[in-house]
Amino acid sequence: MKKRGYSNAQSQKLFDEAKKHLVGGVNSPVRAFKGVGGTPIFFSRGKGPYLVDVDGNRYIDLVGSWGPLILGHLNLEVANHVRRVLRRGFTFGAPSPLETDLAIVVKKAFPSIEKVRFVSSGTEATLSALRLARAATGKKRVLKFDGCYHGHGDSFLVAAGSGPATLGLSDSPGVPEEIASLTISVPYNDLPSVSMVFEKFNDIAAVFVEPIAGNMGVVPPEPGFLKGLREITAKFGAILIFDEVITGFRVAYGGAQELYGVQPDLTTLGKIIGGGMPVGAYGGRADLMNRVAPEGPMYQAGTLSGNPVAMAAGLMTLKKLRNENIYAHLERIGTFVEKGIQRGIEKTGVRAVFQRVGSMGTLFFTDQPVRNYTEAITSNQVKFGRFFWAMAKKGVYLPPSQFEAWFFSTVLQEEHLKKIVKAVTDSLVEIEKNHP
């Protein structure tokens, strides 16, 4: 029987219909495939390491719902635990024991967190953590880093100007200049710029950082960078906030702060702590968290915060991740793929680098290691788009953007890893041959 070719005709029909009713046909911008061109792929189901689209194409999934599915799709133990909770109700808008149970697990994993507040998204977590930092310090400004994404809150949709101490300019209409001007953005991995900002401004409430950047592609912190941030913020009385929405329970059980041995004042979490359900959290030192209502005057609330379904999914996911062999297994998976990709790069001579920390990585189409956003955007995005579709047609689903992380799950077996590596090499050969 002749093998049929790749088709996404049904996805095209669904996208055409979606555009009549949804803004851009999607509910989150990257899903529109602007970064890779072509028609967004609509999916019908997922199980284990696989996603299946509406046209019947099956892919090894390296997106994992943008990180939370570290155990793969529809993990049986997580799903069964959620089903048991669902029999008792979807949401109460009132306390349940599961909230405390998950809080205890989070605290044990993150020694820097003495108290925690659950919310329903990473954006809620970062907005709340920033408000808390301002409330605690009485200061207004926030320092962030170019290319680090902390949700779509007004204070975070800002990029730096021409100099390291330039006041922020909004990246989005709808953000008032008065708010944008309170955000300063400097290059990632650049401690001298951070020091310069603190010498110039005496009203910086917080430094917000992805301890491993994951939203300009995977960019690790250089040795001493996180420790330097800890020292500078302590010296000037600012709150250090690690945005571990991606890295928490992903690069280590205790997140990037465990991996690098640096403790922030506040931490934001999401993704994995809901096991794939909508969830977020912020937590930290008790003296800071006690300022949050009803303990203190800083107000923050949410009807669906701590809902039992998300708590149940998170509890079972984290229970499984407590297995001491899980992260060693994920490191072996990441190493296998990294070495295979490196062989493919050397074989084809393509200008590319693969950067990885644990079970997250990015293939940049540039010939130098990427340390910050300025270097990340030297990557050939047109070539990445061609690479994305070459991989999709070979049965591997990647994030549809050059500036996102690939995520590896525990359910990837040797057969899947070999297929991924072969698909990468073959795709590199293909795009170099057709578009050198």
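Residues numbered from 1 in each chain as written. Predicted model: local features only at pLDDT ≥ 70, side-chain atom pairs only at ≥ 80, totals over all residues. Heavy atoms only, no water.

### Regarding the pairing of strand β2 (residues 50-53)
Working step 1: A two-sided burial pattern is seen for β2, the buried positions comprising Y50 and V52 on one face and L51 and D53 on the other.
Working step 2: Connecting strand β1 (residues 43-47) to the antiparallel partner β2 that follows it, the hairpin turn spans 2 residues, and G48 within it adopts a positive phi of roughly 60°.
Working step 3: Across 3 bridges, the pairing between β2 and strand β3 (residues 58-61) is antiparallel. Opposite V52, over in β3, you have R58 as the bridge partner.
Working step 4: Between β2 and the antiparallel strand that follows it, β3, lie 4 residues; G56 among them carries a positive phi value of about 90°. (Buried < 20%, exposed > 50% of the residue type's maximum accessible area, 1.4 Å probe, protein only. Helix = DSSP H or I, 4+ residues; strand = E, 2+ residues; numbered from the N terminus. Pairing = 2+ DSSP bridges.)

### Regarding the nonpolar core
Working step 1: Within the largest apolar cluster, 37 residues are counted, with the highest numbers of intra-cluster contacts made by L62, L363, F365, F387, W406 and I420.
Working step 2: For this core, the elements supplying multiple residues, two or more each, are β2, β3, α11 (326-348), α13 (381-393), β15 (396-397) and α14 (414-434).
Working step 3: When near neighbours in sequence (up to four residues on either side) are disregarded, F387 contacts L363, F365, L398, W406, V424, S427, L428 and I431. (Core = buried A, V, L, I, M, F, W, Y, C linked by side-chain atoms within 4.5 Å. Contact = heavy atoms within 4.5 Å.)

### Let's talk about helix α2 (residues 76-86)
Working step 1: If you check which residues of α2 are buried, you get V78, A79, H81, V82 and V85. Along α2, the residues classed as buried sweep out an arc of 165° about the axis, all on the same side.
Working step 2: Of the surrounding secondary structure, the elements contacted by the buried residues of α2 are α3 (97-109) and α10 (308-321).
Working step 3: Among the residues of α2, the N-terminal cap falls to N75, whose side-chain oxygen and the backbone nitrogen of E77 are separated by 3.1 Å. (Arc of directions from axis to C-beta. Polar contact = N/O pair within 3.5 Å; in protein donor to acceptor, adjacent residues only side chain to side chain.)

### What to know about the side chain of T39
Working step 1: Looking at the secondary structure, you find T39 in the loop between α1 (9-18) and β1.
Working step 2: Within the local environment of T39, its side chain forms a polar contact with the side chain of Q12, the two groups lying 2.3 Å apart.
Working step 3: Beyond its immediate sequence surroundings of up to four residues, T39 is in contact with N8, S11, Q12, F15, F33 and W389.

### Some words on empty space enclosed by the protein
Working step 1: In this structure the tally under the stated criterion is 1 cavity of 30 Å³ or more.
Working step 2: Estimated volume of the largest cavity: approximately 60 Å³.
Working step 3: Lining the largest cavity are G48, P49, D61, V63, G64, L69, G72, H73, R250, F407, F408 and S409.
Working step 4: A class-by-class count of the residues in the lining of the largest cavity yields 5 nonpolar, 5 polar and 2 charged. (1 Å grid on protein atoms, 1.4 Å probe; cavity = no way out; pocket = protein on both sides within 12 Å on 5 of 7 lines; lining within 4 Å. Points joined across faces, edges and corners; volume = space filled by probe spheres on them. Nonpolar A, V, L, I, M, F, W, Y, C, P; charged D, E, K, R; others polar.)

### Details of the layout of surface pockets
Working step 1: By volume, the second largest pocket is sized at about 620 Å³.
Working step 2: Along the walls of the second largest pocket sit 27 residues, with E99, V116, R117, F118 and P294 positioned nearest its centre.
Working step 3: For the lining of the second largest pocket, the elements supplying multiple residues, two or more each, are α3 and β4 (115-119).
Working step 4: Counted by class, the lining of the second largest pocket contains 11 nonpolar, 10 polar and 6 charged residues.

### Some points on a positive patch on the surface
Working step 1: Positive charge collects at one region of the surface, where R83, R84, R87, R88, K108, K319 and R322 lie side by side.
Working step 2: Of note, R322 is situated in the loop between α10 and α11. (Patch = residues over 30% accessible without salt bridge, like charges linked within 9 Å, V, L, I, M, F, W, Y side chains within 5 Å. Areas by Shrake-Rupley, 256 points an atom, 1.4 Å probe, with all protein chains shown as cover. Salt bridge = Lys/Arg side-chain N within 4 Å of Asp/Glu carboxyl O. Lys, Arg positive; Asp, Glu negative; His and termini not counted. Charge placed at Lys NZ, Arg CZ, Asp CG, Glu CD.)

### Some remarks on the sheet that holds β15
Working step 1: With mixed pairing, the 4 strands of this open sheet are ordered in space as β1-β2-β3-β15. A strand with exactly one partner marks an edge of an open sheet, and here the two such strands are β1 and β15.
Working step 2: When β1 meets β2, the two strands line up antiparallel, connected through 4 bridges. The residue bridging G46 from the neighbouring strand is L51, located in β2.
Working step 3: Those strands touched by α14 are β2, β3 and β15, and its axis lies near 100° from that of β3. (Axes fitted to C-alpha atoms, helices over the stretch in contact; angles between N-to-C directions.)

### Some details on the packing of aromatic side chains
Two aromatic rings, taken as a pair, are described by how far apart their centres are and by the angle between their planes.
Working step 1: Here the structure, examined in full by the defined rule, presents 21 aromatic pairs.
Working step 2: On the numbers, 4.8 Å between centres and 70° between planes, the contact of F156 with F208 is edge-to-face. In this pair, F156 sits in the loop between β5 (141-145) and β6 (158-159) while F208 sits in strand β9 (residues 204-209), placing the two residues 52 residues apart along the sequence. Across the pair, F208 and F156 agree in class, each one buried.
Working step 3: Here the aromatic rings of F384 and F387 are separated by 6.3 Å at their centres, their planes lie at 50°, and the arrangement is tilted. Taken as a pair, F384 and F387 lie in helix α13 at a separation of 3 residues, close to a single helical turn. Grouping residues by exposure puts F384 and F387 together as buried.
Working step 4: For R58, the ring lying beneath its charged end belongs to Y50, and the centroid distance is 3.8 Å. (Phe/Tyr/Trp six-rings, centres within 6.5 Å; stacked < 30°, edge-to-face > 60°. Lys NZ or Arg CZ within 6 Å of the ring centre and 35° of its normal.)

### Description of the environment of L412
Working step 1: Its place among the elements puts L412 in the loop between β16 (406-407) and α14.
Working step 2: For the pair L412 and D61, spaced 351 residues apart in the sequence, the C-alpha separation amounts to 9.4 Å.
Working step 3: When near neighbours in sequence (up to four residues on either side) are disregarded, L412 contacts P49, I60, L62, H329, I333, L417 and I420.

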